[in-house]
Amino acid sequence: MALTRAQVENIAHLARLELDPAEIPAFQDKLSRIVDFIGELDRADTAGVAPMAHPLPGLAQRLRPDAVTETDAHPLYQQNAPQVAAGLYLVPKVIE
Amino acid sequence: MIHRHTLAQLAAELRARKLSSVELARAYLERIQASQPLLNAFISITAEQALAAAGAADAALARGEGGPLTGVPIGHKDLFCTAGVRTTCGSRMLENFVSPYDATVVSRLRASGAVMLGKLNMDEFAMGSSNETSHFGPVRNPWNTDLVPGGSSGGSAAAVSARLLPGATATDTGGSIRQPAALCGITGIKPTYGRVSRYGMIAFASSLDQGGVVTASAEDAALMLREMAGFDPRDSTSVDTPVPDYVAGLDAPLEGLKIGLLKEFFDAGLDPDNERCIREALAVFPRLGAKVRQVSLPNISLSVPAYYVVAPAECSSNLARYDGVRFGHRCKEPRDLTDLYKRSRSEGFGAEVKRRIMTGTYVLSAGYYDAYYLKAQRVRQLIAADFQRAFAEVDVLMGPATPTTAFAIGAKTADPITMYLNDIYTISANLAGVPALSVPCGFAQGLPVGLQVIGPHFAEQRLLHAAHRYQLETDWHLKIPERFA
């Protein structure tokens, strides 16, 4: 199935990516090939087969005691942040 | 010629104090520096920290202390977080990222005494089969520098192949340990899903990702994996079952081992010269007392398309965290928040990562979820059931790790499907969560070929045992590219 330019632009928007207009045809071509390829799954008979979300089925997710195990280290974590002030992450203004 | 010693030999020589860790680190660092312009296997070389750690290892050994790997030089794939040393994941997005904590794999190997010499090059966010998607440039294959080393753990595999390190960590989401190990002529094991902690291992596809090792021999892999594996409360999918001593029992006879020759892996796509090597390798096992019969996994041909739904879907979710706000690349002068997200991500990610994010976004989007994602999860169940049936009849499965030997840099970048089909024999083990390894088993036109051994969940010991016995009979794993011999 060939994806249209508009579809590719919409997928990029949903993924919060901005594609250079000049590179859209290449993305369109390669993504269309990928969509064709994964379309091969249609030929599998999966009637009555349960979807498998985890490679070790039957393994219960663990719980742990509700106890404090880590202490506040936000100044350390924020060393990697592009812009911080007063312990807060800064982004462009979102409310007019 | 210390670089010709295996990791197991080096560990023993260090313990016996025939070698000093500082001397060993210096020798390997010299090889690393000299090879870097040629192979580009490393993203960061941490000489200063390495020499300090090696000095401490020597002091511990002098006191009669130390763990099983004390003083042994290793490298980490650059997606294992290392506190104080940048972790890039091969991406511009994380070019300047310094993790505030260590991955569990990193802290465990350090606790067992290993000395890190640097961080290894890789495909960007582990998405690739040739190491050509790295922001830091391609890695070259030590057997022929016009060729790719495979990927995504291309730096790890090239470094061990050229004996720049006796062992390195690696990760495998669809073949990223076994495929480069095969193409570089070394041993690589992907353990059972949940066997090695994913804490601090930068996520690509969380239901498929698994950490492992690349080394010269199966014995070396057993030694390193024993130190890395085991339950970690910090990884919610880590499995709480004891880790057997992978090294003990390696020499035991293989008598009675039931081997299934994986019928579908000997298809038209398998290069005839590669097939010859694999068949010769399979002929070794009956001499060791094993029984070989053919086994069929009828749904396995659907592995690659199922993978290219599941892996991109999980990737698009995992990589949503790179928003230019908390860490990672941020664009200059964003107009508003959407512009900040979009430009930061578009500048930070390379083309292959963008394609995978977009594929994942597409298959998870409204109206397509059932047709693609749910369908792929059902197919995944069929493939897992195929393995379960096979392992009711045989102890291990064997076949090729890759359809061909290493290919030329640039040869497969035009069509993503051609590149994806490189992993046709490795992907199914990730979908089923079972352990698998690749061992060198000969040469086709002068390039290494890998034999793949797949086992049921938590049968790492059985795989390493079979591989070790094979390596006692053959010397393919001791071959070193001439330039680095």
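Residues numbered from 1 in each chain as written. Chains lettered and ligands numbered in written order. Predicted model: local features only at pLDDT ≥ 70, side-chain atom pairs only at ≥ 80, totals over all residues.

A. Inspection of the overall build of chain B at higher detail. Scanning chain B from terminus to terminus reveals 15 helices and 11 strands. Radius of gyration (C-alpha) of chain B: 21 Å, near the 23 Å computed for a compact globule of 485 residues. Its C-alpha atoms put chain B at 65 × 55 × 45 Å along the principal axes. Per-residue burial over chain B gives 62% buried out of 485 residues. When contacts within chain B are restricted to residue pairs at least 6 apart in sequence, long-range pairs at least 24 apart make up 76% of them. (Helix = DSSP H or I, 4+ residues; strand = E, 2+ residues; numbered from the N terminus. Rg over C-alpha atoms; globule rule 2.2 N^0.38 Å. Buried ≥ 20, exposed ≤ 12 C-beta atoms within 10 Å, placed from the backbone. Contact = placed C-beta atoms within 7 Å.)

B. Up close: the overall build of chain A. If you tally the helices and strands in chain A, you get 3 helices and 2 strands. Listing each helix as α and each strand as β along chain A from the N terminus yields α-α-α-β-β. Radius of gyration (C-alpha) of chain A: 23 Å, far over the 12 Å computed for a compact globule of 96 residues. Principal-axis analysis of the C-alpha atoms places the extent of chain A at approximately 55 × 45 × 25 Å. A buried classification covers 17% of the 96 residues belonging to chain A.

C. Structural context of the pairing of strand E2 (residues 73–77) of chain B. Residues and elements named next belong to chain B. Among the 5 residues in E2, 5 count as buried, and that is most of the element. Pairing of E2 with strand E3 (residues 115–120), which is carried by 5 bridges, proceeds in the parallel orientation. Within E3, the position partnered with proline 73 by the bridge is valine 115. A crossover links E2 with its parallel partner E3, the connecting element being helix H4 (residues 104–111), and its sense is right-handed. (Pairing = 2+ DSSP bridges. Right-handed = clockwise from strand over helix to strand, strands pointing away.)

D. Up close: the interface of chain B and chain A. Taken together, the contact pairs 54 residues of chain B with 40 residues of chain A. Elements with a contribution of two residues or more to the side of chain B that touches chain A: helix H9 (303–318), helix H10 (337–348), helix H11 (351–364), helix H12 (369–393) and helix H13 (416–420) of chain B. The biggest single contributor to the side of chain B that touches chain A is H12(B), with 11 residues. Residues that form the side of chain B that touches chain A fall into these classes: 29 nonpolar, 13 polar and 12 charged. (Nonpolar A, V, L, I, M, F, W, Y, C, P; charged D, E, K, R; others polar.)

E. Molecular detail of H9(B). Taking 1.5 Å of rise per residue, the 16 residues of H9(B) would be expected to cover 22 Å, and the 22 Å separating its terminal C-alpha atoms lies within 8% of that figure. Burial within H9(B) is extensive, with 14 of its 16 residues counted as buried. (Expected span 1.5 Å × (residues − 1).)

F. Molecular detail of the confidence of the model for chain A. Averaged over every residue, the pLDDT of chain A is 93; the share at 70 or more is 100%. When the elements of chain A are averaged for pLDDT, helix H3 (residues 74–77) of chain A gives the smallest value, 93, and helix H1 (residues 5–14) of chain A the largest, 97. (pLDDT = per-residue confidence, 0-100.)

G. View of the nonpolar core. Judged by nonpolar contacts, the single largest core of 166 residues is most densely connected at Val115(B), Val309(B), Ile383(B) and Val453(B). Residue contacts for Val115(B): discarding those within four places in its chain leaves Ser21(B), Ala25(B), Ala50(B), Ala53(B), Ala54(B), Ala57(B), Gly71(B), Val72(B), Pro73(B) and Ile74(B). (Core = buried A, V, L, I, M, F, W, Y, C linked by C-beta atoms within 7 Å.)

H. Looking closely at unusual backbone geometry. All names here are of chain B. For the bond from glycine 151 to serine 152, the omega torsion is 5°, close enough to zero to count as cis. Mapping serine 152 onto the fold places it in the loop between E3 and helix H5 (154–161). Of note in this structure, arginine 17 is not a glycine but carries a positive phi near 60°. Considering the arrangement of structural elements, one finds arginine 17 in the loop between helix H1 (7–15) and helix H2 (21–39).

I. Summary view of the environment of Ala411(B). Structurally, the position occupied by Ala411(B) is in the loop between strand E9 (396–400) and H13. Along the chain, Ala411(B) and Leu147(B) lie 264 residues apart, while their C-alpha atoms are 9.2 Å from each other.

J. Spotlight on the environment of Ala111(B). Residues and elements named next belong to chain B. The residue alanine 111 is located in helix H4 in this model. Judged by the 11 C-beta atoms lying within 10 Å of it, alanine 111 falls in the exposed class. Considered as a pair, alanine 111 and alanine 216 are 105 residues apart in the sequence and their alpha carbons are 22 Å apart.

K. Quick peek at the packing of helix H2 (residues 24–38) of chain A against H11(B). The contact between H2(A) and H11(B) brings their axes to 11 Å, and the two run at 55°. By the angle between their axes, H2(A) is oblique relative to H11(B). For the element pair H2(A) and H11(B), the recorded crossing hand is right-handed. Counted together, Phe27(A), Lys30(A), Leu31(A) and Ile34(A) of H2(A) and Arg355(B), Met358(B) and Thr359(B) of H11(B) form the full contact between these two elements. Residues belonging to the contact of H2(A) with H11(B) are distributed by class as follows: 4 nonpolar, 1 polar and 2 charged. (Axes fitted to C-alpha atoms, helices over the stretch in contact; angles between N-to-C directions. Parallel < 35°, antiparallel > 145°, perpendicular 65-115°, else oblique. Left-handed = near helix turned anticlockwise from the far one by under 90°.)

L. Expanded view of the environment of Tyr89(A). Turning to its location among the elements, Tyr89(A) is positioned in strand E2 (residues 88–89). For Tyr89(A), a count of 14 C-beta atoms within 10 Å corresponds to the partly exposed category. In the structure, Tyr89(A) is positioned 11 residues away from Gln78(A) in sequence and 8.0 Å away in space, judged by C-alpha atoms. Not counting chain neighbours up to four residues away, the residues in contact with Tyr89(A) comprise Ala81(A), Val84(A), Val325(B) and Arg326(B).

M. Here's a closer look at the confidence of the model for chain B. Of the residues in chain B, 100% reach a pLDDT of 70 or more, and the chain-wide mean stands at 97. Taken over the whole predicted complex, pTM reads 0.97, whereas the ipTM for its chain interfaces reads 0.96.

N. Up close: the pairing of strand E10 (residues 436–444) of chain B. All names here are of chain B. Here E10 lies mainly inside the structure; 7 of its 9 residues are buried. Judged from the 3 bridges that link them, strand E5 (residues 187–190) and E10 form a sheet pairing that is antiparallel. If you follow glycine 188 over to E10, its bridge partner there is serine 438. With 7 bridges connecting them, E10 and strand E11 (residues 447–454) associate as antiparallel partners. Of the residues in E11, the one forming a bridge with valine 439 is leucine 451. Counted between consecutive antiparallel strands, the loop separating E10 from E11 contains 2 residues, among which glutamine 445 sits at a positive phi close to 45°.

O. Just H5(B), in detail. Residues and elements named next belong to chain B. Extensive coverage of H5 is indicated by the burial of 8 of its 8 residues. Buried residues of H5: Gly154, Gly155, Ser156, Ala157, Ala158, Ala159, Val160 and Ser161, and no others. Looking one or two residues past H5, arginine 163 carries a phi angle of roughly 55°, positive in sign.

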